[in-house]
Amino acid sequence: MHKLLRQIPSVDECLLALLHDEILAEIPAGLLKKGIRVVLEAQRQEILSGKEIAADALTLPVLLSQIKAAILALNQPRFRRVINATGVIIHTNLGRSVLPESAALVLAQAAINYSNLEFDLAAGKRGSRYALVEELLCELSGAEAALVVNNNAAAVLIALDTLAKGKEAIVSRGQLVEIGGSFRIPEVMARSGAKLVEVGATNRTHLKDYQQAINAETGLLLKVHTSNYRIIGFTSAVSNEELVQLGHEHNLPVMEDLGSGCLVDLSPFGLEKEPTVQEVVASGVDVVTFSGDKLLGGPQAGIILGKREIIEQIKKNPLNRALRIDKFTLASLEAVLRLYRDPITVCERIPTLQMISAPLALVGQRAEQLVALLQERISKFCAVQTVDTLAQVGGGAMPEQHLASRGVELRPSFMRVSRLEKELRSLAVPVIGRIEDDRLLLDMRTVREDELILIAEGLEQIFQRGGEAL
Ligand SMILES: *Cc1c(COP(=O)(O)O)cnc(C)c1O
């Protein structure tokens, strides 16, 4: 063992050997040393564990090639673009919504230039950052006033903190949702200092349940859109209009957390009719909150719409300063919202809506195109064909509803499907697909045409390497 340990070269020895390597020329010395140490330490542990060591494992050329790979891996940015071939359009793990190009361009402008973030250009003095999007949000939704915070969880928190702190907030038992990532309505309410009062049964809540729960301590009537699950069967919920009437009879504000608020009706594309943001505002509720990066298709944000007096109260809450959005969110949100002014083209221009509304034939064409690219590259190693698939909206929106879609099915001949899935994740531009019935599926509803060649070349690389190893 000691003899083996002594054979491990020193860090300096390795460093010297790598000094003139062109691929590593731009990499700082500190990172080179880190990579060297990682590999040498792994060898040391291997020896100490008493495992059999290959005869050439400790030679400089073998170690150097491992070290080079380790250094290049360490030098890779951790934040990476990926190709989403899962068919889940609003995929929280993969960054939710993809921005339209116009929004990405203003984002870059906001990044490299000064801006009027909090400067009123007409008056020549300090302005409000929210003014930049408030007017547009009101124009599109019909609301009196608007505010944007960091995300919808923050929107719910600040609204509850403002309206129901130290008071009771009445919620239907069927709407105590958990969104994932530990956002639970009861817990957010506890944080805000509002006391939760549950009414009704899980499947049915009636107006009289709310009515009976109202007392001197009540501060708010709250509705939560059950965006990520559905209670079906013998159910009943109270309409916004009824709840608004009840609230206003008792001088209580009514709030709805819409979750994945949408400004366009998506039912023409095969999805169930959900109330649009405009409809919810028109129902008379005092506050509506929803995410910027779910069905809206914009940047991460929490949008709060409502009656002027209430929004003014929320704006003055000190939490607002802690939850405020940055210039990148503002710039890209404005760019996305501007696209909603034209209802004819909006579904074409916002990627999230475009993926939902794309006709099946178009998605099918992309599947055919990918198969054609793959035929010439990997047909020796893998069976490839187009298949029917089911895509999903995702983001906790419309969970049980599927969109008819088309994809490409891969059945490798000499490789496990799980290995192929892992190799796809390891590509320079990782491709995320899904395994179903011992085949790998790449759903084309979430893949852009310009990404097809990247997928094809990536798969070619994987099978070339695999082929050599055989
Ligand atoms: C997604 C969701 C949230 C959380 O929104 P984020 O923007 O992720 O913070 C809150 N409430 C509901 C009903 C949701 O669907």
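Nothing here was measured: the structure is a model prediction, and the numbers come from that model.

Conventions adopted
Residues numbered from 1 in each chain as written. Predicted model: local features only at pLDDT ≥ 70, side-chain atom pairs only at ≥ 80, totals over all residues. Heavy atoms only, no water. Buried < 20%, exposed > 50% of the residue type's maximum accessible area, 1.4 Å probe, protein only. Helix = DSSP H or I, 4+ residues; strand = E, 2+ residues; numbered from the N terminus. Pairing = 2+ DSSP bridges. Axes fitted to C-alpha atoms, helices over the stretch in contact; angles between N-to-C directions. Contact = heavy atoms within 4.5 Å. Domains from an automatic or database assignment. Salt bridge = Lys/Arg side-chain N within 4 Å of Asp/Glu carboxyl O. Parallel < 35°, antiparallel > 145°, perpendicular 65-115°, else oblique. Left-handed = near helix turned anticlockwise from the far one by under 90°. Nonpolar A, V, L, I, M, F, W, Y, C, P; charged D, E, K, R; others polar. Phe/Tyr/Trp six-rings, centres within 6.5 Å; stacked < 30°, edge-to-face > 60°.

1. A few points about the pairing of strand E8 (residues 218-224)
And step 1. Most of E8 is tucked away: seven of the seven residues are buried.
And step 2. Direction of pairing for strand E6 (residues 168-172) relative to E8: parallel, over a ladder of four bridges. Among the inter-strand pairings, isoleucine 170 is bridged to a residue of E8, identified as leucine 221.
And step 3. Both E8 and strand E9 (residues 254-259) contribute to a ladder of four bridges, which runs parallel. By the bridge assignment for E9, valine 224 is matched with aspartate 257.

2. Description of the sheet that holds strand E7 (residues 195-199)
And step 1. Spatially, E5-E11-E10-E9-E8-E6-E7 is the arrangement adopted by the seven strands of the open sheet, whose pairing is mixed. Both outer strands of the open sheet, strand E5 (145-149) and E7, are each paired with one neighbouring strand and no more. Direction aside, neighbouring strands of the sheet carry axes that sit 25° apart on average.
And step 2. Two elements, E9 and strand E10 (residues 287-291), share four bridges in a ladder whose sense is parallel. What sits directly across from glutamate 256, in E10, is valine 288.
And step 3. On the sheet, helix H10 (residues 240-249) packs against E8 and E9 and is oriented at approximately 175° with respect to E8.

3. Details of the domain arrangement of the protein chain
One widely used convention gives an interface's size as the accessible area the parts lose upon coming together.
And step 1. In terms of domain boundaries, the protein chain breaks down into domain 1 (2-75), domain 2 (83-92 + 355-469) and domain 3 (101-349).
And step 2. A straight line from the C-alpha centre of domain 1 to that of domain 3 covers 54 Å.

4. Observations concerning the pattern of salt bridges
And step 1. Summed over all chains, the structure comprises 29 salt bridges.
And step 2. Across the pair arginine 406 and aspartate 388 runs a salt bridge whose closest N-O atoms are separated by 2.7 Å. Of this pair, arginine 406 sits in strand E13 (residues 397-412) while aspartate 388 sits in strand E12 (residues 382-394), and the two are 18 residues apart along the sequence.
And step 3. Two residues, aspartate 443 and arginine 434, come together in a salt bridge whose shortest N-O distance is 4.0 Å.
And step 4. Residue classification places arginine 434 among the partly exposed residues on the basis of a relative accessible area of 21%.
And step 5. One salt-bridge network, held together by shared partners, links Glu409, Arg411, Arg434, Glu436, Arg439 and Asp443.

5. Some points on the packing of helix H7 (residues 152-164) against helix H8 (residues 185-192)
And step 1. One can describe the packing of H7 onto H8 by two numbers: an axis separation of 9 Å at closest approach and a directional angle of 45°. Classified by the angle their axes make, H7 and H8 are oblique. Handedness of the crossing formed by H7 with H8: right-handed. When H7 is examined against H8, the residues Val156, Leu157, Leu160 and Asp161 are found in contact with a partner set consisting of Ile185, Val188, Met189, Arg191 and Ser192.
And step 2. For the contact of H7 with H8, the residue count by class is six nonpolar, one polar and two charged.

6. Points about the packing of aromatic side chains
And step 1. Across all of its chains, the model carries one aromatic pair by this definition.
And step 2. Measuring from ring centre to ring centre gives 5.9 Å for phenylalanine 381 and phenylalanine 463, while their planes differ by 0°; the resulting arrangement is stacked. Remark: phenylalanine 463 occurs in helix H19 (residues 452-469) and phenylalanine 381 occurs in the loop between helix H17 (360-378) and E12; sequence separation between them is 82 residues. An identical accessibility class is assigned to phenylalanine 381 and phenylalanine 463; each is buried.

7. Overview of unusual backbone geometry
And step 1. A positive phi is found at aspartate 437, a non-glycine position, where the angle reads about 50°.
And step 2. Relative to the elements of secondary structure, aspartate 437 occurs in the loop between strand E15 (434-436) and strand E16 (439-443).
And step 3. Not every positive phi belongs to a glycine, and aspartate 438 is a case in point at roughly 60°.
And step 4. Mapped onto the fold, aspartate 438 is located in the loop between E15 and E16.

8. Topic: the pairing of E5
And step 1. Most of E5 is tucked away, with five of its five residues classed as buried.
And step 2. Both faces of E5 are covered, namely the face carrying Ala145, Leu147 and Val149 and the face carrying Ala146 and Val148.
And step 3. The pairing of E5 with strand E11 (residues 302-306) spans five bridges and is classified as antiparallel. Within E11, the position partnered with valine 148 by the bridge is isoleucine 303.

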